[in-house]
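The chain contents come next:
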Amino acid sequence: RCLLLDPRSIYSPFCSIVDPMRVGLRSLTSNSAPTRVNYGHRCSNAYSTCCATKPEVQPVETPSSDMLVDSFGRFHNYLRISLTERCNLRCQYCMPAEGVELTPKAELLSHDEIIRIANLFVTSGVDKIRLTGGEPTVRKDLEDICLHLSGLKGLKTIAMTTNGIVLSKKLPRLKECGLSALNISLDTLIPAKFEFMTRRKGHSKVMESIDTAIQLGYDPVKINCVIMRGMNDDEICDFVELTRHKPINVRFIEFMPFDGNVWNVKKLVPYAEILDKVRQHFKGVERLQDHPSDTAKNFKIDGHVGTISFITSMTEHFCAGCNRLRLLADGNFKVCLFGPSEVSLREPIHSGLDDAGLKEIISAAVKRKKAKHAGMFDIAKTANRPMIHIGG
Ligand SMILES: Nc1nc2c(ncn2[C@@H]2O[C@H](COP(=O)(O)OP(=O)(O)OP(=O)(O)O)[C@@H](O)[C@H]2O)c(=O)[nH]1
Ligand SMILES: C[S@@+](CC[C@H](N)C(=O)[O-])C[C@H]1O[C@@H](n2cnc3c(N)ncnc32)[C@H](O)[C@@H]1O
Ligand code: SF4
Ligand code: SF4
């Protein structure tokens, strides 16, 4: 909990430990863009690294309809679309070795259904869509989907999270089709360890994709690195070293529990511990100002072209600033990564429901969204989907 939070601020853009109940004071009827003001405070929680001290004014997106505003006043302008449940890797932290049960193809969203649903969200205020999976690059109509999404008026960012295995060749065309931001997952710099962690070969292909993305001007290319104790925590400083000359943003991600993965609290390396390790090894590690809805806490290092970040879902959640919703490949709509509740949008579409009816279903689900996730031990005990179905 942050103490000394100035009551005039809606919430601190710098600290995710603020009680989310404090968010939601924003008037939805006002046409003028409200601002969040942070007057600078110190955080009393155990991980005091989470707070910056500079006073700052942040613009807040103005919702164009009430559909995407939850009961805590959070406006959701970011939709993550999982394009497939399939993947060409089998990462240990994401899925069981034997794979997961797949939804029959006929029950997955078609290209046209994806675009129709995306359009509903964009006309209601979503301005960023992330394509994910499974592995989005295994979907044959990926370029077409990007092209059609890029025609949606009001959509500013089309992003993708990918494992990079088959990305390098596809990327020039994807860029032409409107793909504007790229996150590539890479958890080790050692090829043999890559094969162990992902249960497949392909390390050099991922490295090649990262270089292609840099050459094509994606800036920064974000590198997602899930840290597991005893697995890749010995490579933290090597990953930081990569940022010295490459315009990349390396994001250390706390290991999260999902159905069918090998989560155990002993394998979780807390953000504070990773940051300590980085600070012992590198001079001039400085906190940057984050956007209120960032999943990441961002840092720069003296003399490095790139930056590093931490995604601290387990030890310092960032639910107070959550702006994310999820559409799964089978057409289910999920309002929280860790919330088990889902509602189908595909079934009502197949029953002929019109856009107004779909918007009512979406709005009701958004209003039921909880303030924050239940905490890692409860999450670990609660049935959810495997991560490969949700897409992060
Ligand atoms: N707890 C939590 N974790 C999230 C959420 N969104 C993404 N993540 C996790 O953050 C990590 C990186 O996800 P990405 O797919 O790169 O998406 P992102 O962090 O939103 O990326 P940017 O839009 O570039 O900030 C993954 O481990 C995700 O599971 C969220 O809403 N809640
Ligand atoms: C599920 S993957 C889907 C997209 C793509 N296949 C990829 O790997 O980038 C999305 C992100 O979730 C992350 N992820 C998967 N399982 C995770 C876990 N248990 N804890 C934290 N992050 C996880 C991956 O590292 C990846 O960056
Ligand atoms: S993290 Fe991505 S690449 Fe790895 S198994 Fe999951 S979906 Fe596939
Ligand atoms: S855990 Fe749920 S509420 Fe928290 S940031 Fe993630 S999606 Fe949002």
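Residues numbered from 1 in each chain as written. Chains lettered and ligands numbered in written order. Predicted model: local features only at pLDDT ≥ 70, side-chain atom pairs only at ≥ 80, totals over all residues. Heavy atoms only, no water.

Visitor: An account of the confidence of the model for the protein is needed here, citing residue identities and associated values.
Guide: On average, residues of the protein score 87 in pLDDT, and 84% of them are at 70 or above. Per-residue pLDDT stays below 50 along residues 1–60; that stretch engages in 133 contacts with residues further than four places along the chain or on separate chains. Across the predicted assembly, pTM comes out at 0.88 and ipTM at 0.99. (pLDDT = per-residue confidence, 0-100. Contact = heavy atoms within 4.5 Å.)

Visitor: Which residues make up the site of ligand 2, and what values go with them?
Guide: Of all residues adjacent to ligand 2, which total 20 residues, the nearest are Tyr93, Gly134, Glu135, Ser185 and Met256. Residue Ser185 places a side-chain N or O atom 2.6 Å away from an oxygen atom belonging to ligand 2. Between ligand 2 and Met256 there is a distance of 2.8 Å, counted from a nitrogen atom to a backbone nitrogen or oxygen. With the chains in place, 95% of the 540 Å² that ligand 2 exposes on its own is no longer accessible. Put simply, the parts of the chain that give the shell around ligand 2 at least two residues each are strand E5 (157–162), strand E7 (221–227) and strand E8 (248–254). In the shell around ligand 2, the residues fall into eight nonpolar, 10 polar and two charged. (Near = heavy atom within 4 Å. Polar contact = N/O pair within 3.5 Å; in protein donor to acceptor, adjacent residues only side chain to side chain. Areas by Shrake-Rupley, 256 points an atom, 1.4 Å probe, with all protein chains shown as cover. Helix = DSSP H or I, 4+ residues; strand = E, 2+ residues; numbered from the N terminus. Nonpolar A, V, L, I, M, F, W, Y, C, P; charged D, E, K, R; others polar.)

Visitor: Could you give an account of the pairing of strand E11 (residues 307–311), naming the residues involved and the relevant values?
Guide: For E11, a buried count of four out of five residues is recorded, marking the element as mostly surrounded by other parts of the structure. Direction of pairing for E8 relative to E11: parallel, over a ladder of five bridges. Counted as the bridge partner of Arg251 is Ser309 from E11. Note that strand E10 (residues 296–301) and E11 share five bridges and pair antiparallel. Each bridged residue has a counterpart across the sheet, and for Asn298 the counterpart in E11 is Ser309. (Buried < 20%, exposed > 50% of the residue type's maximum accessible area, 1.4 Å probe, protein only. Pairing = 2+ DSSP bridges.)

Visitor: Now, about the sheet that holds E7: what can you tell me, with residues and values included?
Guide: Strand pairing in a sheet takes place through backbone hydrogen bonds and is either antiparallel or parallel in direction. Judged by pairing direction, the sheet is mixed, and its 12 strands sit side by side in the order E9-E10-E11-E8-E7-E6-E5-E4-E3-E12-E13-E14 without closing on themselves. Whereas interior strands pair on both sides, the edge strands pair on one side only; in this sheet they are strand E9 (285–287) and strand E14 (342–344). With strand direction ignored, the average angle separating the axes of adjacent strands in the sheet is 25 degrees. Pairing of strand E4 (residues 128–132) with E5, which is carried by four bridges, proceeds in the parallel orientation. Looking at the pairing, Ile129 lines up with Ile158 of E5. Against the sheet, helix H5 (residues 203–215) engages strand E6 (181–185), E7 and E8, with an angle of about 160 degrees to E6. (Axes fitted to C-alpha atoms, helices over the stretch in contact; angles between N-to-C directions.)

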